[in-house]
Amino acid sequence: MKVLVINAGSSSLKYQLYDMKDESVLAKGRVERIGTESAIVTHEPKDKPGVREVSEILDHVTAVRRVLDLLQHREHGVVGSIAEIEAVGHRVVHGGETFKESVLVDDEVKRSIRDLFDLAPLHNPAALTGINAVEQNMPDVPQAVVFDTAFHQTMPRHAYLYPIPMALYRRHRIRRYGFHGTSHFYVSRRAAELIGRPIEELKMVTCHIGNGSSCAAILGGQSVDTSMGLTPLEGLMMGTRSGDIDPAVVPFVMSKEELTLGEVNSMLNKHSGLLAISGSSGDMREIIEAMEEGDRNAKLAFDMFCYRLRKYVGAYAAAMNGLDAIVFTAGIGENSPHVRKAVCEGLSFLGVKLDEAANFDAAKEARFISAPDSRVKVLVVPTNEELIIARDTYRLVTERKRAGETAAALES
Ligand code: ADP
């Protein structure tokens, strides 16, 4: 079965086409600047010449149509006909408390995603637009949705509630949800495979650190705490997001600087984090380059980033009463030995000991970077959220097909 994975943003759409026979990626690409006369389409088929074109694409329906055209294109295509694509899976950021796992799309599911617009005003509407755009182009193809929040729905109440009036939770569902769930799920499973022990026995902290960053406490394979909250602003220091601060800073700054709600929101999401402290960049690679050239503000940004992550690892070891493994993933986690070293150096009291050479080895595959005698294993695992979306979609569609066949057999 071939499964198309879609990640729709408000003006972009990323895609990967999987052949589930061997879980290989047949093609991937993206459409950017949807809604303009100069939308950019980048299409990378396996073993064939790629495409980069600029054209007018005014909505997601047209974007999906262009992607489907390219997937079956004579020169750049990877399928004989679109009919070969038997299922489509979408990434949806917020599943609220409604979705604890991935599901097949129907009208009820679409209504529920719409009901969650308040919780993810930028992301959920875009995902729904993507679902509708696929439906218009491929009306008979089943679609599934995979939520960034779903994996964290196993958190206990004492971890997900905020100590604020309970009426706010009851009325508005204000609580910790957490994000990057598919990534934390995937890397924790991969890490358990490499460690060679059942995940049910393991206590792990998974660190997804990229432009957006979060870590999670994974106890026996289940998420029991995570650093992002109601929104992806809470928790770790990020490229341009503040992460944890005293919430009283918000009214204080609003009054002192005469900022509006929108302005303070933008300050915390777009003008904070590494960017604010370094004064030059929110990109970790640039921070490290500047730091190595002697830039003291970049060094401070780097130190704060690693210090705050290290505190979370310690807190989660306490939350789980122990720690067997730390897993690093995403842009910074996979590629920055400097950050991994700085985080782990302060964790020797927990039994963390890095293998210096393994940490600085630029290998791309999942691997150990801890010393053989390190009590806590440290691993780098490249994340693969699209693969999880493809697998969930494939499973749901196959299950439904089987259920349909069983029902038909019983009737006949
Ligand atoms: P997103 O959250 O947008 O998916 P990514 O997971 O791609 O982000 O991570 C982007 C971050 O990874 C940037 O801060 C980038 O500088 C950082 N990064 C990528 N490669 C390296 C590297 N070799 N060393 C340090 N940081 C890196």
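Residues numbered from 1 in each chain as written. Predicted model: local features only at pLDDT ≥ 70, side-chain atom pairs only at ≥ 80, totals over all residues. Heavy atoms only, no water.

Novice: Looking at this structure, how should I read the pattern of salt bridges?
Specialist: When the charged atoms of two side chains lie near each other, side chains of opposite charge can form a pair. A full pass over the atoms with the stated rule returns 22 salt bridges. Between Arg91 and Asp148 there is a salt bridge, with its nearest N and O atoms 2.5 Å apart. Of this pair, Arg91 sits in strand E6 (residues 85-92) while Asp148 sits in the loop between strand E8 (143-147) and helix H4 (157-160); the two residues are 57 residues apart in sequence, bridging distant segments of the chain. When its relative accessible area of 24% is taken as the criterion, Arg91 is described as partly exposed. A single network of salt bridges, built from pairs that share partners, joins Glu53, Arg66 and Asp69. (Salt bridge = Lys/Arg side-chain N within 4 Å of Asp/Glu carboxyl O. Helix = DSSP H or I, 4+ residues; strand = E, 2+ residues; numbered from the N terminus. Buried < 20%, exposed > 50% of the residue type's maximum accessible area, 1.4 Å probe, protein only.)

Novice: Sorry if this is basic, but what is going on with the site of the ligand here?
Specialist: Close to the ligand lie Gly210, Asn211, Gly212, Asp283, Met284, Arg285, Ala330, Gly331, Ile332, Asn335 and Ser336. In the environment of the ligand, an oxygen atom lies 3.0 Å from a nitrogen or oxygen atom belonging to the backbone of Arg285. Contact between the ligand and Gly331: an oxygen atom at 2.9 Å from a main-chain N or O atom of the residue. With the chains in place, 68% of the 580 Å² that the ligand exposes on its own is no longer accessible. Looking at the shell around the ligand, the elements that each hand over two or more residues are helix H10 (284-292) and helix H12 (330-335). Counting residues per element, the shell around the ligand draws most heavily on H12, which supplies four residues. (Near = heavy atom within 4 Å. Polar contact = N/O pair within 3.5 Å; in protein donor to acceptor, adjacent residues only side chain to side chain. Areas by Shrake-Rupley, 256 points an atom, 1.4 Å probe, with all protein chains shown as cover.)

Novice: Just to check I follow, could you spell out the environment of Val61 for this structure?
Specialist: You can see Val61 is positioned in helix H1 (residues 60-71). Val61 sits 71 residues away from Asn132 along the chain, and the two C-alpha atoms are 7.8 Å apart. Filtering out sequence-adjacent residues up to four positions away, Val61 remains in contact with Ala133, Gln136 and Asn137. (Contact = heavy atoms within 4.5 Å.)

Novice: Teacher, can you tell me more about the packing of helix H11 (residues 296-320) against helix H13 (residues 337-345) here?
Specialist: Helix-helix packing is characterised by the crossing angle of the two axes and by the distance between the axes. H13 packs onto H11 with a crossing angle of 50° between their chain directions and a minimal axis gap of 8 Å. Judged on the interaxial angle alone, H13 and H11 are oblique. Here H11 runs over H13; the crossing is right-handed. Within the contact between the two elements, H11 uses Phe302, Phe305, Cys306, Leu309 and Arg310 and H13 uses His338, Val339, Ala342 and Val343. For the contact of H11 with H13, the residue count by class is seven nonpolar, one polar and one charged. (Axes fitted to C-alpha atoms, helices over the stretch in contact; angles between N-to-C directions. Parallel < 35°, antiparallel > 145°, perpendicular 65-115°, else oblique. Left-handed = near helix turned anticlockwise from the far one by under 90°. Nonpolar A, V, L, I, M, F, W, Y, C, P; charged D, E, K, R; others polar.)

Novice: So what exactly am I meant to see when it comes to the sheet that holds strand E1 (residues 2-8) here?
Specialist: Note on sheets: strands pair through backbone hydrogen bonds, and any given pair is parallel or antiparallel. One open sheet accounts for eight strands, arranged E5-E4-E3-E2-E1-E6-E8-E7; its pairing is mixed. Looking at which strands have only one partner, the edges of the open sheet turn out to be strand E5 (51-57) and strand E7 (103-104). Most of the contacts of helix H3 (residues 123-137) go to E6, to which it runs at about 170°, and overall it touches E1, E6 and E8. (Pairing = 2+ DSSP bridges.)

Novice: What is the right way to look at H1 in this model?
Specialist: In an α-helix there are 3.6 residues to a turn, and that puts residues three or four apart on one side. With 12 residues, H1 extends 16 Å between its outermost C-alpha atoms, agreeing within 8% with the 16 Å of an ideal straight helix rising 1.5 Å per residue. Every buried residue belonging to H1 is among His60, Val61, Ala63, Val64, Val67, Leu68, Leu70 and Leu71, and all of these are buried. Its side-chain oxygen placed 3.3 Å from the backbone nitrogen of Val61, Asp59 serves as the N-cap of H1. (Expected span 1.5 Å × (residues − 1).)

Novice: Please clarify how empty space enclosed by the protein should be interpreted in this entry.
Specialist: This model, assessed by the stated rule, comprises one cavity of 30 Å³ or more. The space that makes up the largest cavity amounts to roughly 30 Å³. If you trace the largest cavity, you find it lined by Leu161, Tyr162, Ile164, Pro165, Met166, Tyr169 and Ile174. (1 Å grid on protein atoms, 1.4 Å probe; cavity = no way out; pocket = protein on both sides within 12 Å on 5 of 7 lines; lining within 4 Å. Points joined across faces, edges and corners; volume = space filled by probe spheres on them.)

Novice: Hey, could you run me through the state of the cysteines in this one?
Specialist: Here a disulfide denotes one covalent bond, and it connects the sulfur atoms of two cysteines. Evaluated as defined, the whole model comprises zero disulfides. Cys207 provides the cysteine sulfur closest to Cys344, a residue in no disulfide bond, and the two sulfurs are 8.0 Å apart. A residue is classified by how much of its surface remains accessible, and Cys344, at 3% relative accessible area, is buried. (Disulfide = S-S within 2.5 Å.)

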